[in-house]
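Letter by letter, the chains look like this.
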Amino acid sequence: MTEFEGLIQSGTRTAWQETKRLKTRMREERYEKKLALMESKYKWLLMMEHKALTDGRIDFSVDELYEMLYYAYFDARPGKRKTYDVQRVEANLFDNIYRLARDIHDRCYYPSRSEAFIVFDPVIREIFAASFRDRIVHHLLINICMPWWQRHFVRDSYSCRLGKGTNYGVRRAVHHIAKVSDNYQKTAYFVKMDIKGFFMSMDRRKLMELAVSGAHSQFREFGPLGRLAAFLWRQIIMDDPLEEVRIRGKVKDWNHLPRDKSLFFQSKGYGIVIGNLTSQLLSNVFLDQLDKYIVYTLGYHHYGRYVDDFYVVINEEQLPQMEKDIERIRAYLAGLGLTMHPNKTRWLRVDKGVTYLGHHIKNGHIEMDHRYQSKYYQALVNVMEGVGQLDVVTSYMGGCINYGCRKMQQRIWRAAGQDYTV
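Notes on the structure in this doc start here.

1. Description of the overall build of the protein
Stage number 1. When its secondary structure is counted, the protein shows 15 helices and 11 strands.
Stage number 2. In terms of its C-alpha atoms, the protein occupies a principal-axis envelope of roughly 65 × 60 × 50 Å.
Stage number 3. In the protein, buried positions account for 48% of the 422 residues.
Stage number 4. Across the protein, contacts joining residues at least 24 apart in sequence account for 73% of those joining residues at least 6 apart.
Stage number 5. In the structure as shown, the protein presents an accessible area of about 21,400 Å², 50% of it carried by carbon and sulfur atoms.
Stage number 6. When the 64 positive and 50 negative side-chain charges of the protein are each reduced to one mean point, those points stand 3 Å apart.

Quick look at the structure:
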């Protein structure tokens, strides 16, 4: 029996609901472990700060910074140890990290040059890859600031947060729809909105003020950790990523990219890179004010946002008010220097189904969208032809099991010429 045939038969014998419950339990256990790890790192950093304050110091020593960076190095390296950039740092690890710690201590740390390239899947984007040296600093900064911001963001901000992400976002959308529509007994609308060129439109000076203000609120005494976080935020946010940037790939790849999605065509002082760990947190920091405006000021509690893609679920009686409030949201975004996309506001009746984060939601059931299904089908065909990887297929299978898409999975396998009956 081949490995591929074994996969089919094992799938046939799978008790679908039991597998789904097992995946949910495993996901919750992973979240609890990651949360405990994040909190333990933060407590250790606070302990380091307490030691420095006890000694009468307002800044960390070089040795203390080295220890922090050394632990951040282990956070930054998974999945990247075979790259040249990582191997170059590891070839003389002690000296490289100690030199980085001394630069931060002397307040002469500046980000290194980045690599810019274009990716086409799933959509065309411009990516700036930071050097491994800078990624270590990013992880240190996330270890310092993320626990505090995690507690201060609204619940329904999904992107790049521990225990959330697309899976949580889709399930929360299902919850909001069911709540407003009284389990699809009443007419409800899913109002989708989007921000045009979000990453490229952010005012870096405003963003720096928000990040540094957060450091002041987090560390009210503004001791060594607060001073360190504020310094690193200033250096990272106000750095010009275009200075001495290295282009990877072909320059003509940029011909396919709209100008409002490229840093090369933005005004000076605007836009942050896509690809840095800190950019993921900063996007949430910048739009946290929008989240709280919609939830607390406008009063829409059935709200969610993933990066720049946000929605409000309303009942039929709220339609006239929502039409007025969309203009208020548009004006609020304009005050932040952002523009609501004029062609991406959708008023969707929930009983006809809505698509959100690559998933189609209808009557409480979740299915992957057509792009996911076509990729799943192609992965199956590639495995049968001997040119694909079985791990890719099992990943797609896991996604279907996660949402209970049994019939969809059967349809895809039969289209690929295989029988998959559960």
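On we go from here.
2. Quick look at the sheet that holds strand S2 (residues 125–129)
Stage number 1. Across the sheet, 3 strands lie side by side as S2-S1-S4; this open sheet has mixed pairing. Two strands bound the open sheet, and with one partner strand each, they are S2 and strand S4 (246–247).
Stage number 2. Bridging between strand S1 (residues 115–119) and S2 involves 5 bridges; their strand directions are antiparallel. What sits directly across from Phe-117, in S2, is Ile-127.

3. Overview of the nonpolar core
Across soluble globular proteins, you tend to see nonpolar side chains buried next to one another.
Stage number 1. If you look at the biggest cluster of nonpolar residues, it comprises 90 residues, and the most contacted ones within it are Ile-104, Phe-310 and Ile-329.
Stage number 2. Per-element tally for this core: the top contributor is helix H6 (residues 132–152), with 11 residues.
Stage number 3. Core analysis: the second largest hydrophobic core is formed by 36 residues, Ile-177, Tyr-376, Val-393 and Cys-400 among them.

4. Let's talk about the sheet that holds strand S11 (residues 365–368)
As a general point, the strands of a sheet are linked pairwise by backbone hydrogen bonds and lie either parallel or antiparallel.
Stage number 1. Taken in spatial order, the 3 strands of this open sheet run S9-S10-S11, and their pairing is antiparallel. Whereas interior strands pair on both sides, the edge strands pair on one side only; in this sheet they are strand S9 (354–356) and S11. Direction aside, the axes of adjacent strands within the sheet are offset by 30° on average.
Stage number 2. As paired elements, strand S10 (residues 359–362) and S11 share 4 bridges and run antiparallel to each other. Each bridged residue has a counterpart across the sheet, and for His-359 the counterpart in S11 is Met-368.
Stage number 3. Against the sheet, helix H14 (residues 390–403) engages S10 and S11, with an angle of about 165° to S11.

5. Notes on the pairing of S1
Stage number 1. From the end of S1 to the start of S2, which pair antiparallel, there are 5 residues.
Stage number 2. In terms of strand pairing, S1 meets S4 through 2 bridges, oriented parallel. Directly across from Glu-115, in S4, lies its bridge partner Arg-246.

6. A short note on the environment of Cys-108
Stage number 1. Of note, Cys-108 is situated in the loop between helix H5 (93–105) and S1.
Stage number 2. Residue Cys-108 is classed as partly exposed on the basis of its relative accessible area, which comes to 34%.
Stage number 3. Taking the C-alpha atoms as reference points, Cys-108 and Gln-235, 127 residues apart in sequence, are found 9.5 Å from one another.
Stage number 4. Apart from residues no more than four positions distant in its own chain, Cys-108 is found in contact with Asp-103 and Phe-231.

7. Observations concerning the packing of helix H3 (residues 62–76) against H5
Stage number 1. Across the interface, H3 lies against H5 with an axial gap of 8 Å and an inter-helix angle of 125°. Relative to H5, the element H3 lies oblique. Crossing handedness for the pair H3 and H5: right-handed. Contacts between H3 and H5 involve Val-62, Asp-63, Leu-65, Tyr-66, Leu-69, Tyr-70 and Tyr-73 from the first element and Leu-93, Phe-94, Ile-97, Tyr-98, Leu-100, Ala-101, Arg-102, Ile-104 and His-105 from the second.
Stage number 2. Counted by class, the contact of H3 with H5 contains 13 nonpolar, 1 polar and 2 charged residues.

8. With respect to the environment of Cys-145
Stage number 1. Checked against the element boundaries, Cys-145 lands in helix H6.
Stage number 2. Taking the C-alpha atoms as reference points, Cys-145 and Glu-209, separated by 64 residues in sequence, lie 15 Å from one another.
Stage number 3. Contacts of Cys-145, omitting those with residues within four sequence positions, involve Gln-218, Ala-229, Trp-233 and Leu-281.

Calculation criteria
Residues numbered from 1 in each chain as written. Predicted model: local features only at pLDDT ≥ 70, side-chain atom pairs only at ≥ 80, totals over all residues. Heavy atoms only, no water. Helix = DSSP H or I, 4+ residues; strand = E, 2+ residues; numbered from the N terminus. Buried < 20%, exposed > 50% of the residue type's maximum accessible area, 1.4 Å probe, protein only. Contact = heavy atoms within 4.5 Å. Areas by Shrake-Rupley, 256 points an atom, 1.4 Å probe, with all protein chains shown as cover. Lys, Arg positive; Asp, Glu negative; His and termini not counted. Charge placed at Lys NZ, Arg CZ, Asp CG, Glu CD. Pairing = 2+ DSSP bridges. Core = buried A, V, L, I, M, F, W, Y, C linked by side-chain atoms within 4.5 Å. Axes fitted to C-alpha atoms, helices over the stretch in contact; angles between N-to-C directions. Parallel < 35°, antiparallel > 145°, perpendicular 65-115°, else oblique. Left-handed = near helix turned anticlockwise from the far one by under 90°. Nonpolar A, V, L, I, M, F, W, Y, C, P; charged D, E, K, R; others polar.

None of this, on its own, says anything about what the molecule does.
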